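# Analysis of the macromolecular model
The residues making up each chain are set out below.
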Amino acid sequence: MTTTWLTDAERAAWVRMAAVLELLPGVLETQLRRDSGLTHFEYFTLAMLSEADGRTLRMTALAAQTNATLPRLSHVVRRLEGRGLVSRMPCPEDARATNARLTDDGWEAVRAAAPGHVAAVRDAVVDALTPTQIEQLTAITTAILRRIDPDGTMLDRS
């Protein structure tokens with residue numbers, strides 16, 4: 001097998017992207033924990049439920065939308081349920097499945113957390129870029145997602 005090594009320009013781009021992948025989650029997590037008492041994944045879970053019809057999704061659909069395993073999602077939903085932000089119930093269409101529903105308190109929690117989260121995203125990413133760079137970032141991330149998410153699960157969320 002022959003290795004096609006990265007050029008200097010490719011390596012510089014990759015090292016910077018890897019640094020963003022390492023640092024950005026911590027920036028977003030810190031803001032959400034400080035201001036809302038939520039982890040980034042908890043916020044993301046609540047946000048996905050807030051956008052669903054009836055604020056309800058099957059756990060399998062929620063796992064797909066959050067790119068989580070069912071055991072990880074079940075653990076997080078159990079924590080959110082303990083805080084009164086989510087409730088679980090049998091799926092009326094399939095008794096073998098379980099639905100997760102955003103409660104009124106969960107809706108208020110995600111609504112209260114959203115402004116701070118958006119401000120953190122703006123500060124860390126959006127406001128650092130020009131409108132042209134935003135378009136380029138969209139094109140770049142779309143191209144990468146098409147390679148690493150061939151089913152389009154994460155790409156379809158935008």
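Let me begin by describing the structure that accompanies this report. Since the model is a prediction, treat every value here as computed from it, not as a measurement. (Residues numbered from 1 in each chain as written. Predicted model: local features only at pLDDT ≥ 70, side-chain atom pairs only at ≥ 80, totals over all residues. Heavy atoms only, no water.)

## Thoughts on the side chain of aspartate 149
- As for its placement among the helices and strands, aspartate 149 is situated in the segment after helix H6 (131–148).
- Among the polar contacts listed, one links the side chain of aspartate 149 to the backbone nitrogen of threonine 153, at a separation of 3.0 Å.
- Residues contacting aspartate 149, with those up to four places away along its chain left out, are Met154 and Leu155. (Helix = DSSP H or I, 4+ residues; strand = E, 2+ residues; numbered from the N terminus. Polar contact = N/O pair within 3.5 Å; in protein donor to acceptor, adjacent residues only side chain to side chain. Contact = heavy atoms within 4.5 Å.)

## A closer look at the environment of methionine 89
- Turning to its location among the elements, methionine 89 is positioned in strand E2 (residues 86–91).
- On the basis of relative accessibility, which here comes to 26%, the residue methionine 89 falls in the partly exposed class.
- Residues methionine 89 and threonine 56, 33 residues apart in the sequence, show an inter-C-alpha distance of 10.0 Å.
- Dropping the residues within four chain positions of it, methionine 89 is found in contact with Thr98, Asn99 and Arg101. (Buried < 20%, exposed > 50% of the residue type's maximum accessible area, 1.4 Å probe, protein only.)

## A closer look at helix H5 (residues 104–124)
- For H5, which comprises 21 residues, the first-to-last C-alpha distance of 30 Å matches the rise-based estimate of 30 Å (1.5 Å per residue) to within 8%.
- Of all the bends in H5, the greatest, near 35°, is centred on alanine 114, and the proline proline 115 appears no more than four residues after it.
- Looking at H5, one finds that the buried residues are Gly106, Val110, Ala113, His117 and Ala120.
- Buried positions along H5 lie against helix H1 (8–36), helix H2 (40–51) and strand E3 (94–102). (Expected span 1.5 Å × (residues − 1). Bend = angle between axes of the 7 residues up to and from the residue.)

## Quick notes on a nonpolar patch on the surface
- A cluster of nonpolar side chains, contributed by Leu6, Trp14, Val15, Met17 and Leu21, occupies part of the molecular surface with about 480 Å² of accessible area.
- Relative to the assigned elements, valine 15 resides in helix H1.
- Residue valine 15 is classed as partly exposed on the basis of its relative accessible area, which comes to 43%. (Patch = residues over 30% accessible without salt bridge, like charges linked within 9 Å, V, L, I, M, F, W, Y side chains within 5 Å. Areas by Shrake-Rupley, 256 points an atom, 1.4 Å probe, with all protein chains shown as cover. Salt bridge = Lys/Arg side-chain N within 4 Å of Asp/Glu carboxyl O.)

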